[in-house]
Amino acid sequence: MPPRTPKQTVDRRVRDWFRRNRFVVSVLVLAVGVFLTVLAAGAFTGLSTVQPFTAIDTVTAAPNGPNYNLAFVVIGPIVSIVGAVLVGGYLLSRRRFEHLMKTKSKAEFLRNLDQIEELLWDLTPADEQRYLDKRAEFRLR
């Protein structure tokens, strides 16, 4: 009977999911940040008289409740910057990785091995498998 593989923990499965869907999550974080920033701009500028913002403002800044628009002013730009850094980092890593994987020279591949392995931290498991296949193609350990 083959040995049983241990079941992955919830934490490990969540981290694997985030690693596989890194780009989608990054774009989602950026979109949420931009949305919150637009809500803040709509509440504290002349846009507050325009129709979609008047309806939203009745919910986010109720007369008897807290004014969530003040939180959007602070949180929106911060989340936007974090999302932009995540998206930009992923796209730059992807572009560099694709360039380094197109090489036909074993010597050039060996020269850039450290850089490729460093880029893999920002990419998906599918890219890691492509890297391992390329290593096998050049007969490297």
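Rules behind the numbers
Residues numbered from 1 in each chain as written. Predicted model: local features only at pLDDT ≥ 70, side-chain atom pairs only at ≥ 80, totals over all residues. Heavy atoms only, no water. Helix = DSSP H or I, 4+ residues; strand = E, 2+ residues; numbered from the N terminus. Rg over C-alpha atoms; globule rule 2.2 N^0.38 Å. Buried < 20%, exposed > 50% of the residue type's maximum accessible area, 1.4 Å probe, protein only. Contact = heavy atoms within 4.5 Å. Areas by Shrake-Rupley, 256 points an atom, 1.4 Å probe, with all protein chains shown as cover. Lys, Arg positive; Asp, Glu negative; His and termini not counted. Charge placed at Lys NZ, Arg CZ, Asp CG, Glu CD. Axes fitted to C-alpha atoms, helices over the stretch in contact; angles between N-to-C directions. Parallel < 35°, antiparallel > 145°, perpendicular 65-115°, else oblique. Left-handed = near helix turned anticlockwise from the far one by under 90°. Nonpolar A, V, L, I, M, F, W, Y, C, P; charged D, E, K, R; others polar. Expected span 1.5 Å × (residues − 1). Salt bridge = Lys/Arg side-chain N within 4 Å of Asp/Glu carboxyl O. Core = buried A, V, L, I, M, F, W, Y, C linked by side-chain atoms within 4.5 Å.

A.B. asks: I'm lost on the overall build of the protein chain in this one. Help?
C.D. replies: Broken down by element type, the protein chain carries 7 helices and 0 strands. When the elements of the protein chain are put in sequence order from the N terminus, they spell out α-α-α-α-α-α-α. Computed over its C-alpha atoms, the radius of gyration of the protein chain comes to 23 Å, more than 25% above the 14 Å expected for a compact globule of 141 residues. Taking the principal axes of the C-alpha coordinates as reference, the protein chain spans close to 70 × 45 × 20 Å. For the protein chain, buried positions account for 25% of its 141 residues. Across the protein chain, every contact between residues at least 6 apart in sequence was considered, and the portion connecting residues at least 24 apart equals 63%. Total accessible area on the protein chain stands at roughly 10100 Å², and carbon and sulfur atoms take up 65% of it. Positive and negative charge centroids in the protein chain, built from 20 and 13 side chains respectively, lie 6 Å apart.

A.B. asks: Please explain the packing of helix α4 (residues 68–101) against helix α7 (residues 125–137) as it appears in this structure.
C.D. replies: Each pair of packed helices can be summarised by the angle the axes make with each other and by the distance between the axes. The contact between α4 and α7 brings their axes to 11 Å, and the two run at 20°. Viewed along their axes, α4 and α7 adopt a mutual orientation that is roughly parallel. The way α4 lies across α7 gives a crossing that is left-handed. Counting all contacts with α4, which are made through R94, F97, E98 and M101, the residues of α7 involved are D127, R130, Y131 and K134. Of the residues in the contact of α4 with α7, the class split is 3 nonpolar, no polar and 5 charged.

A.B. asks: What is the right way to look at helix α2 (residues 22–44) in this model?
C.D. replies: Side chains that are three or four residues apart share a direction in an α-helix, a result of its 3.6 residues per turn. The end-to-end C-alpha distance of α2, which contains 23 residues, comes to 33 Å, matching closely the 33 Å that a straight helix rising 1.5 Å per residue would cover. Listing the buried residues of α2 in full gives S26, G33, L36, L39, A40, G42 and A43.

A.B. asks: Whenever I open this one, the environment of V25 confuses me. Can you help?
C.D. replies: With respect to the element layout, V25 can be found in helix α2. Sequence separation between V25 and L86 is 61 residues, and the spatial gap between their C-alpha atoms is 8.9 Å. The contacts of V25, once residues within four sequence positions are left out, are W17 and F18.

A.B. asks: What's the story with the pattern of salt bridges in this structure? I'm lost.
C.D. replies: A side chain of one charge can pair with a side chain of the opposite charge if their charged atoms are brought near each other. This model, assessed by the stated rule, comprises 8 salt bridges. One salt bridge connects R94 with D127, and the closest N-O pair in it is separated by 2.5 Å. Here R94 is found in helix α4, whereas its partner D127 is found in helix α7, with 33 residues between them in sequence. For D127, a relative accessible area of 4% corresponds to the buried category. For E117, the salt bridge goes to R135, with nearest N and O atoms at 3.4 Å. Placement of E117 in helix α6 (residues 113–119) and of R135 in helix α7 is noted, with a sequence separation of 18 residues between them.

A.B. asks: Before we go on, may I ask you to explain the nonpolar core in this structure?
C.D. replies: Judged by nonpolar contacts, Y90, F97, L100, M101, F109, L113, I116, L119, L120, L123, Y131 and F138 together constitute the single largest core of 12 residues. Of all elements in the fold, only α4 and α6 reach the threshold of two or more residues within this core. Looking at this core, the element that brings in the most residues is α4, giving 4 residues. Filtering out sequence-adjacent residues up to four positions away, I116 remains in contact with F97, L100, F109 and Y131.

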